[in-house]
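Read off the chains here:
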Amino acid sequence: MAKKEVYADAREQYAELGIDTEKAMDALHKIPVSMHCWQGDDVGGFEHPGATLDGGGIQVTGNYPGKARSIPELRADIEKALSLTPGSYRLNLHASYADFSDTKAVDRDQLEKKHFQSWLDWGKSNHIPLDFNATFFAHPKAAGMTLSSKDKGIRDFWIEHAKRCREIGGWFGKEQGSACIHNLWVADGMKDIPADRKGYREILAASYDEIMSLDIPKEHLKDSFESKVFGIGSESFVVGSHEFYMGYCVKNQHMITLDMGHFHPTENVADKISSMLMFVPELLFHISRGVRWDSDHVCILNDDLKMIAEELVRSGKMEKIHIATDFFDGSINRVGAWALGLRATEKAMLYALLQNNERLVAAEESENYFERLALCEAYKTLPFGAVWDRYCEMSNAPSDLEVVKEVMDYEKNVQSKRI
């Protein structure tokens, strides 16, 4: 059966359940995903060539050949990954990826717009809006506490860094005509049991108050705050817990970030979405995959990701939700990792959009829980793959199997030459 006939049959089967596949694909195309830049070079950044991660609770495993060694190589890999993925995209950039090729390198508390001009120019030329992250790790002053440090000198250094990142993000938003999402995450914590949890959290809140005192129009910059349950070197205590950020964001009406890997393995992160949207103005969601811990494996189309996508769609507030990827695997081809993770994210969102939520709610409200469960089971065997293939075709993106060949060809012709 020809592809067109396969899709036509799938469209009819979905229509029998009141689902418009064309409408679902159109809705998906309007939901941008912010692709993280740090998969391409194992979160190294280019502040100091050849440098390795130092502190901050981040660990990248694997040493697969061909990783990006420079900003031009990273951008080439990003462009290749995006060419393999259907949908609409942004780029999520960390401050540690400043471009010093035409300027003198400076420390993070001295970063300026000029250090990111080439990124903005690249984003504009490729029609890719930029998002931003202050970088509170992989730095000599990040070996212990940062924004919650009791050492005023350390604390002031990072407060100034965050302020400058907010200014740069606001500049991105103004220049690109689309608000820049600026994410704030610090790994501050302790390996063993602390004696002054309250003191560190009071300092962290005061630091954020000072950082946010810099007034930047929300149409240019939207700040978000990210929690974590634990990290490497902070197994017993993380200052910025979920409860800390939930309280801080509700009190100050800031956006909150939910990362799939930043909670206990048995927690249902999807269940948090509807609750948080009741009390904070917007939500940033980081798509990742933890295996036993916050290991940031490449996300795949598993039940966890499907449940996240379903809750995002069912919230009815997609205009208040921002989706970004956040994983890093140095053990496989890094461009392939990007493509797999991005495509899995798109698949999950399409799967969620291809459901008749009105009928599900109606069954629930009439207490017909059998019908609700039966419909959810029926969706699992509908010809979802045919709709996905059609979406890839409409977006001029390769099929799942074609991606394998594309990545292997790119590795042979480009990445293998990086010695």
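Anything mentioned here points back to the structure above.
The structure reproduced in this document is the subject of the present report. (Residues numbered from 1 in each chain as written. Predicted model: local features only at pLDDT ≥ 70, side-chain atom pairs only at ≥ 80, totals over all residues. Heavy atoms only, no water.)

Focus: helix α8 (residues 270-279)
Thinking step 1. When α8 is considered as a whole, its buried residues turn out to be Ala 270, Lys 272, Ile 273, Met 276 and Leu 277. One side of α8 carries all its buried residues, which in axial view fall inside an arc of 125°. Counted as exposed and oriented over 90 degrees from the buried face of α8: Asp 271 and Met 278.
Thinking step 2. Buried positions along α8 lie against α7 (242-252), β8 (255-259), β9 (283-287), α9 (303-314) and β10 (321-325). (Buried < 20%, exposed > 50% of the residue type's maximum accessible area, 1.4 Å probe, protein only. Helix = DSSP H or I, 4+ residues; strand = E, 2+ residues; numbered from the N terminus. Arc of directions from axis to C-beta. Contact = heavy atoms within 4.5 Å.)

Digging into the environment of Lys 347
Thinking step 1. As for its placement among the helices and strands, Lys 347 is situated in helix α10 (residues 334-353).
Thinking step 2. Among the residues examined, Lys 347 registers a relative accessible area of 16% and is labelled buried.
Thinking step 3. Residues Lys 347 and Leu 28, 319 residues apart in the sequence, show an inter-C-alpha distance of 9.5 Å.
Thinking step 4. Those residues in contact with Lys 347 that lie beyond four places of it in its chain are Leu 301, Phe 384, Trp 388 and Asp 400.
Thinking step 5. Polar contacts involving the side chain of Lys 347 include one to the side chain of Asp 400, which spans 2.9 Å. (Polar contact = N/O pair within 3.5 Å; in protein donor to acceptor, adjacent residues only side chain to side chain.)

Quick word on the sheet that holds strand β4 (residues 180-184)
Hydrogen bonding along the main chain pairs the strands of a sheet, whether they run parallel or antiparallel.
Thinking step 1. The sheet built from eight strands closes into a barrel, its strands ordered β1-β2-β3-β4-β6-β8-β9-β10 with parallel pairing. Neighbour-to-neighbour, the strand axes of the sheet open up by a mean angle of 30°, direction not taken into account.
Thinking step 2. Strand direction decides the pairing type here: β9 and β10, joined by five bridges, are parallel. When the sheet's bridge partners are listed, Phe 285 is paired in β10 with Ile 323. (Pairing = 2+ DSSP bridges. Axes fitted to C-alpha atoms, helices over the stretch in contact; angles between N-to-C directions.)

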